[in-house]
Amino acid sequence: MTEADGTAAPVRTAARRTAVRQALSVSAATGVYGISFGALSVTAGLDLWQTMALSLLMFTGGSQFAFIGVIGAGGAPGAAVATAGLLGARNALYGAALAPLLRGRGPRSWAAAHVTIDESMAVATAQPDPVVARIGFWWTGLGVFALWNLFTVVGALVGDALGDPTRWGLDAAAAAAFLGLLWPRLAHRAAQVVAAIAVCVALLLTPDAPAGVPVLAAAVVAVVAGWHEETPRLARLGRSAPQRVRR
Amino acid sequence: MSAYAATWVAVVAGAVVCFVTKLAGHRVPEHWLAQPRVARIAGLVTVALLAALVAVQTFTTGADVTVDARVVAVAVAAVALALRAPFIVVVVLAAVVAAVLRALG
């Protein structure tokens, strides 16, 4: 019934073990930085319960950081929702890539959707066959979920105890967190160009536009740049431009 | 509606939007999202938003574009990332740099 019936049992067992080990190390590494999310969220003005709700219900790191970033900068709640939603758009692509692999329906597929994030996608697609990929996906998704939520609470309690966030450099930590999320996505020249233009657009709009809008406006840069097969400028700068989900 | 209640509404609305996005990915036919243009734009939107968030979080105070300890801290973070430091190390390092610079005055 499975695609892997032809695989020798010892090979399968070793591959499973590797997948689980990868899942656990990714879960630990990702889960721990839930501390930074929790601390930054309470210093951005959310309370413990709102912070916990974001990690439990939104559960996609980039969107969560963006949400509290916009709220912390005094942006409108609607701008926070829009920014978080746009940053979560890539999860739809992950879902489309994972669905044939998971083949679930009902509550199980809802759970699969909820834990569809950068990390579970990365571990699942790094595996040699579909059965092991499923193991990698679930162990990573559920592992990150458990630890991310645990460390969010720890971070929120720590952040509450620290008091003035700027005294501890937490505003700089938030900027570094965004940079850390951005960094692995800057491999291609097209991405670097879009990032540079997005920075300029956001800073140019900051003095006049309401808080939250400069960040949203930067998304327009991406749509314009990505619309054409290869815009002449991007083509000239680097031929490896097409942005595909990393597999 | 109080600011606190408005934030709660946004938290729930944002969570719903993000979950529906994930679920839609699992439900729509793969070939639809596999279009090169869709994949390309989604990838670049992520890059553009994160870059804009870095800029706003580093260089702005309210509606002003400013340069302070955060700029040095983020530069140090970039060096740490280039040296393949783990995420949590990068974040803590940036906080320490900014905090020390401010303490020194």
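Conventions used here
Residues numbered from 1 in each chain as written. Chains lettered and ligands numbered in written order. Predicted model: local features only at pLDDT ≥ 70, side-chain atom pairs only at ≥ 80, totals over all residues. Axes fitted to C-alpha atoms, helices over the stretch in contact; angles between N-to-C directions. Helix = DSSP H or I, 4+ residues; strand = E, 2+ residues; numbered from the N terminus. Parallel < 35°, antiparallel > 145°, perpendicular 65-115°, else oblique. Left-handed = near helix turned anticlockwise from the far one by under 90°. Contact = placed C-beta atoms within 7 Å. Nonpolar A, V, L, I, M, F, W, Y, C, P; charged D, E, K, R; others polar. Buried ≥ 20, exposed ≤ 12 C-beta atoms within 10 Å, placed from the backbone. pLDDT = per-residue confidence, 0-100.

1. Brief notes about the packing of helix α6 (residues 89–102) of chain A against helix α3 (residues 36–59) of chain B
Across the interface, α6 of chain A lies against α3 of chain B with an axial gap of 8 Å and an inter-helix angle of 140°. Between α6 of chain A and α3 of chain B, the angle is such that the two are oblique. Where α6 of chain A crosses over α3 of chain B, the two elements pack in a sense that is left-handed. Note on element contacts: α3 of chain B touches α6 of chain A through A39, A42, G43, V45 and T46 of chain B, opposite A89, R90 and L93 of chain A. Here the residues of the contact of α6 of chain A with α3 of chain B are counted per class, giving five nonpolar, two polar and one charged.

2. Here we look at unusual backbone geometry
Trans peptide bonds make up most of the peptide bonds, and negative phi angles are found at most residues other than glycine. The phi dihedral of F59 of chain A is positive, around 40°, even though this residue is not glycine. The exposure class of F59 of chain A is buried, given the 25 C-beta atoms found within 10 Å. Despite not being glycine, R84 of chain B shows a phi value in the positive range, around 65°. Mapped onto the secondary structure, R84 of chain B falls in the loop between α4 (69–82) and α5 (87–104).

3. Focus: the confidence of the model for chain B
The predicted coordinates ought not to be read in detail in places where the model reports low pLDDT. Residues and elements named next belong to chain B. Averaged over all residues, the pLDDT of chain B equals 91, while 98% of them reach at least 70. At the level of individual helices and strands, chain B shows its lowest average pLDDT in helix α2 (residues 30–33), which scores 70, and its highest in α4, which scores 97. The complex prediction reports pTM at 0.81, with the ipTM value standing at 0.90.

4. A look at the packing of helix α1 (residues 9–32) of chain A against helix α9 (residues 130–162) of chain A
Residue and element names in this part refer to chain A. Interaxial distance between α1 and α9 falls to 8 Å at its minimum, and their mutual angle equals 25°. The angle between the axes of α1 and α9 places the two elements in the roughly parallel class. In the packing of α1 onto α9, the handedness of the crossing is right-handed. Classifying every residue of the contact of α1 with α9 by side-chain character gives 16 nonpolar, seven polar and one charged.

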